[in-house]
Structures are given as C-alpha cells and as structure tokens.
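Fold and geometry: a report
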Amino acid sequence: MKCHESFNGFPREMIDFLWELRFNNNKEWFDNNRDRYKTLIKEPMDSFALQLCDEITAKTKNSLIPSVSRINRDVRFSKNKEPYRDNKWIVFKREEGDWKTKAVLFFEVGPDYYITGMGVYESSPAYMKAFRDKIDANEAAFERLIKKYDKNKNYVLTGDLYKKKLGDKSEYVMNWYQRKNIALIYKHEIDDIFFEREFLNYCANEFKFLSPLVDFMQDIVAG
C-alpha cells in the first residue's frame, strides 16, 4: 500500500460513487467507472489508512499495521452474489499475518455511514473461554476498564449471547462475559468533518479511546 498524497478529507464525490455502486452492482458498470473508483475510493482510503495509522501510533505508542479491504466480493461461499462491496474498511492490526482471530481496531465507510470500532472478526468458543478466563483472573480490573465504555452512549456492544448463564457477576461484566463474539462500534452518519483533514485526528482520538480494550484482549489465545 502506497500513500499517494497527504490526506485532506475524503472527497465528497466518494459518497456519490458508493451510492451509485449500490444500485449498479455489476461488472459492466464498474469497468466503466474503474478510474473513478481509483481516484475517489482506493487512493483516498490508502492515504487515510497509512496516515491514520501513524496518528494512532503516536497517541497510543502501539505499532500498528493497516489492511484495507478489496472492493471485490468473494462470492464463492456467499449467498450474496453481487460482485462488489458497496463499503470499504480498514483493519489496524498489531502483528503481521491473519488478523481475523485477534482483537483489532477497524474503520468502515458505506454510502450513508462510517464506523469506528474494535472487535474480533472470528471468535471461536475456545477464544471466548480464554477471554472469560482472563476476566475471572481479575474481575475487578476488567469492570473498571469497561465502565467507561458502558457510560459512552455512542458505542454499542454487539455480539450474540449464550442462552445459558455462564457466571454470577455484576451487570456490567455479564454484558461482556455472556458473549459468543464481541465488537464495540460507533456508527456515525456522514458529517462535514468526514471531508476535512481534521477527520484524521478525530478518528485517532476515537481509536485511542478503544485501544485499552485491544490491550486487554491482545494476549488472549484460544486453547
């Protein structure tokens, strides 16, 4: 991934392109608009990913590696056979290699939203057991950690819940402890700052806020 130019906000035409793609999701349309995709989507996202990575690293002292999604959809095992995604995302991982089974920070943009968040894309039962074991090792410390996230009404904790109760803990802790998978997300409407350079600093501060959760989950390994 190369940084083509300094990021000064996403182009306003980016949103128009994503809307158009949503309603014209076919190879003929995309081939006719491939140059627009490169200029309005790919190059700005690549620049944003690299420069935001530097901003987050400066604020958290954690070395990160950005990975930007492809626009092509893998339809081999999907019910959705549309060839292209109408969104793009960036994962900020701490190690080379596969990130899907580890806690990461992520950014996503679609035609009418953007998301700042953290989570584990593929969390196996063994991984979540290891997560609960780590909570059990110091439940009080974990509760102190998560209270600031529960108080922030912008962020929503998502993930399926086990029907069977897995423990007897405080309401704060049980909301996390009962999960089969975990993501904490803030879904924003597209706003003016999205098109300004200040968007870099805004997102970096959001990811600084989320980073202690990634710190907590970083060394969890499925048994």
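That block above? That's the structure.
Please read all numbers here as calculations on a predicted model, not as lab measurements.

Listed in full, the buried residues belonging to helix H1 (residues 13-23) are Met 14, Ile 15, Phe 17, Leu 18 and Leu 21. Taken down its axis, H1 places every buried residue within 160° of arc, on the same side. In the core, the buried residues of H1 are packed alongside helix H2 (27-32), helix H3 (34-60) and strand S3 (104-110).

Across the interface, helix H5 (residues 139-151) lies against helix H7 (residues 199-217) with an axial gap of 10 Å and an inter-helix angle of 150°. For the element pair H5 / H7, the angle class is roughly antiparallel. In the packing of H5 onto H7, the handedness of the crossing is left-handed. Residues Phe 142, Leu 145, Ile 146, Lys 148 and Tyr 149 of H5 touch H7, and the partners they reach there are Phe 209, Leu 210, Pro 212, Leu 213 and Phe 216. In terms of residue class, the contact of H5 with H7 is made up of 9 nonpolar, no polar and 1 charged.

A word on the pairing of strand S4 (residues 113-119). Counting buried residues along S4, 7 of its 7 residues qualify, which places the element largely inside the surrounding structure. Side chains Tyr 113, Ile 115, Gly 117 and Gly 119 of S4 all project onto a buried face; the interleaved residues Tyr 114, Thr 116 and Met 118 project onto the opposite face, where all are buried too. In the sheet, S3 pairs with S4 via 7 bridges, with the strands oriented antiparallel. If you follow Leu 105 over to S4, its bridge partner there is Met 118. Connecting the antiparallel pair S3 and S4 is a turn made up of 2 residues. Across 6 bridges, S4 lies against strand S6 (residues 183-188) in antiparallel orientation. Looking at the pairing, Tyr 114 lines up with His 188 of S6.

As a further point, take the packing of aromatic side chains. All told, the structure shown has 30 aromatic pairs when counted by the stated rule. A centroid spacing of 5.0 Å and a plane angle of 90° characterise the contact between Tyr 114 and Phe 199, whose relative ring orientation is edge-to-face. A residue pair is termed long-range when its members are at least 10 positions apart, and Tyr 114 in strand S4 and Phe 199 in helix H7 qualify at 85 residues. Note on Phe 199: relative accessible area 0%, which makes it buried. Judged by centre distance (6.2 Å) and plane angle (85°), the ring pair of Phe 131 and Phe 216 falls under edge-to-face. Residue Phe 131 is located in helix H4 (residues 125-137), and its partner Phe 216 is located in helix H7; the two are separated by 85 residues in the primary sequence. Given a relative accessible area of 15%, Phe 216 falls into the buried group. Taken together, the aromatic side chains of Phe 7, Phe 10, Phe 48, Phe 107, Tyr 114, Phe 194, Phe 195, Phe 199 and Tyr 202 make up a single cluster linked through ring pairs. Over the ring of Tyr 177 we find Lys 169; its NZ or CZ atom is 4.8 Å from the centre of that ring.

Conventions adopted
- Residues numbered from 1 in each chain as written.
- Predicted model: local features only at pLDDT ≥ 70, side-chain atom pairs only at ≥ 80, totals over all residues.
- Heavy atoms only, no water.
- Buried < 20%, exposed > 50% of the residue type's maximum accessible area, 1.4 Å probe, protein only.
- Helix = DSSP H or I, 4+ residues; strand = E, 2+ residues; numbered from the N terminus.
- Arc of directions from axis to C-beta.
- Contact = heavy atoms within 4.5 Å.
- Axes fitted to C-alpha atoms, helices over the stretch in contact; angles between N-to-C directions.
- Parallel < 35°, antiparallel > 145°, perpendicular 65-115°, else oblique.
- Left-handed = near helix turned anticlockwise from the far one by under 90°.
- Nonpolar A, V, L, I, M, F, W, Y, C, P; charged D, E, K, R; others polar.
- Pairing = 2+ DSSP bridges.
- Phe/Tyr/Trp six-rings, centres within 6.5 Å; stacked < 30°, edge-to-face > 60°.
- Lys NZ or Arg CZ within 6 Å of the ring centre and 35° of its normal.

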